Amino acid sequence: MSHPMRLVLFLSVACWGIGMPSLQAQTPQKALSFHDAVSMAWSIDPVRKALQVGHHSAKARASAAGSWFAGGPTLSGEYMDDHAIGSNEGYTTYQGGLSVPLWLPGQGSATREVAGAESESINEQLNVEHMVLSIKVLEAAAALQIAQARLNVANALYSATSRINQNVTHAVHAGELALSDSQMAQAGLENARNEQTLAQEAMNNALAEQEVLLGRASEVDFNSGDGLAHARFVDPHDMEENDPRIKVVRHNVEAAEANMKLARRSFMPNPEIGIDAIHEKQYGSPWDDRVGINFSVPLPSEVRNTPMMSEASNRLATANSEEIQARRMVHLEITRVRERLMAATTARQTMRTAADSLEKRAVAQERAWRVGEVALNTALQARQEACNAQMASARADIEWRVATIRMLLAMGVVP
């Protein structure tokens, strides 16, 4: 853990005492890289486990679709004798058969195509979940760093207002300032203390949110990455085509097309063919055993085929619609990610310059107040504005790093 982080957490515990929530006792001890943090969150992600079960099931269906027959065998048997009708001439028949359903032309390959496309779709859904989880980890880490920056600024503001308040108190006791100045300084100190409380609350909440994702409290360090410096250029169109969400809907369309093909190939119920064996005990019969074949061919029916074709058509139409919507969404998102990165780059520089300028102004105003050139409220306001600018600069820097990593994630890279 970095030295500033340890200092912030130490000051937090010292200021708020032993009554603070137990979450602070779980303060991160070692900073994780963003890549390691994503891997840690991925290892305990419940959605991943559910999708993996679905993926294994889809692969099993694809493997089963390669069977030689369209279904399992059917075993049939009959037994007849003449005792039930009051005759006892010894007419007894034992008959058994075994038959299997056959694939219709092209039905087997179409079934394998449907199962294969569904398996690939679930596999890409795993990649989608990994990308979504990476964004969640990034946002949680950014929220924690912003909360830490806010606490740093709040501590700095409290130190500055405490120093001014002490000077004012001494001046009031010496009769150099009016009591109203002491009240103004005390109000500024109380406002700074309130901001410390709110900043500490925000950091505790951010720590809890990150702990839920990672399974334990840990600092995520994405400031030391190379950013886009070593990332290869990817054309926006290629970024869209390689997006796992596009691949998912593309496989869904392929599965729907294969399902339509399967529906056309299944124009009638599957015929069955098998063998029969008969063993008879009949009075005066010259034979008692026979063996032969059996077959069953159900004829096509609109009552069966129409709902099946309608369902396949609806599935294909839905898949095509979802593909169009997904492409629009991904195109818009990638455009926003690129624009956010460019805006964050500009904001980072301008906020840093503004913070430096306002810090110098606050120092100058405080010095001028000490020599009596400006009023106390001017010095307090300048310090408040300088702290606000420092917070804005820290936020802009974090948002720039977030936009950088977000761009890498859109390229398919987890830094």
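Residues numbered from 1 in each chain as written. Predicted model: local features only at pLDDT ≥ 70, side-chain atom pairs only at ≥ 80, totals over all residues. Heavy atoms only, no water.

## Re the pattern of salt bridges
Any two side chains of opposite charge can pair, so long as their charged atoms come close to each other.
Argument step 1. Counted by the stated rule, this structure contains 18 salt bridges.
Argument step 2. Among the ionic pairs, R163 bridges to E366, the shortest N-O distance being 3.1 Å. Of this pair, R163 sits in helix α4 (residues 107-173) while E366 sits in helix α8 (residues 302-370), and the two are 203 residues apart along the sequence.
Argument step 3. The salt bridge partner of E323 is R327, with a shortest N-O separation of 3.3 Å. Taken together, the residues span about one helical turn, with E323 and R327 both in helix α8 at a distance of four residues.
Argument step 4. Taking relative accessible area as the criterion, R327 reaches 27% and is therefore assigned partly exposed. (Salt bridge = Lys/Arg side-chain N within 4 Å of Asp/Glu carboxyl O. Helix = DSSP H or I, 4+ residues; strand = E, 2+ residues; numbered from the N terminus. Buried < 20%, exposed > 50% of the residue type's maximum accessible area, 1.4 Å probe, protein only.)

## Some remarks on a nonpolar patch on the surface
Argument step 1. Residues W68, F69, L102, I273, F295, V297 and L299 make up a contiguous nonpolar surface patch of about 790 Å² in total accessible area.
Argument step 2. As for its position among the elements, L102 is in the loop between β3 (92-101) and α4.
Argument step 3. What makes L102 partly exposed here is its relative accessible area of 31%. (Patch = residues over 30% accessible without salt bridge, like charges linked within 9 Å, V, L, I, M, F, W, Y side chains within 5 Å. Areas by Shrake-Rupley, 256 points an atom, 1.4 Å probe, with all protein chains shown as cover.)

## A short note on helix α3 (residues 46-64)
Residue pairs three or four apart in sequence face the same way in an α-helix, which turns once every 3.6 residues.
Argument step 1. Along its 19 residues, α3 runs 27 Å from first to last C-alpha, staying within 8% of the 27 Å computed at 1.5 Å per residue.
Argument step 2. By the burial criterion, the buried members of α3 are R48, L51, H55 and A58. In an axial view of α3, the angular spread of the buried residues amounts to 85°, which keeps them on one side of the axis. Residues of α3 that are exposed and point more than 90 degrees away from the buried face comprise P46, A50, V53, H56, S63 and A64.
Argument step 3. Where α3 is buried, its residues touch α2 (34-43) and α4. (Expected span 1.5 Å × (residues − 1). Arc of directions from axis to C-beta. Contact = heavy atoms within 4.5 Å.)

## Details of the packing of α4 against α8
Argument step 1. Their axes nearest at 15 Å, the elements α4 and α8 cross at an angle of 15°. As judged from the angle between their axes, α4 and α8 are roughly parallel. For the pair α4 and α8, the sense of crossing is left-handed. Here α4 contributes E118, R163, I164, N167 and V168 to the contact with α8, which in turn contributes R315, E366, W369 and R370.
Argument step 2. Within the contact of α4 with α8, the residues separate by chemical class into three nonpolar, one polar and five charged. (Axes fitted to C-alpha atoms, helices over the stretch in contact; angles between N-to-C directions. Parallel < 35°, antiparallel > 145°, perpendicular 65-115°, else oblique. Left-handed = near helix turned anticlockwise from the far one by under 90°. Nonpolar A, V, L, I, M, F, W, Y, C, P; charged D, E, K, R; others polar.)

These results come straight from atomic positions and should not be treated as a statement about function.
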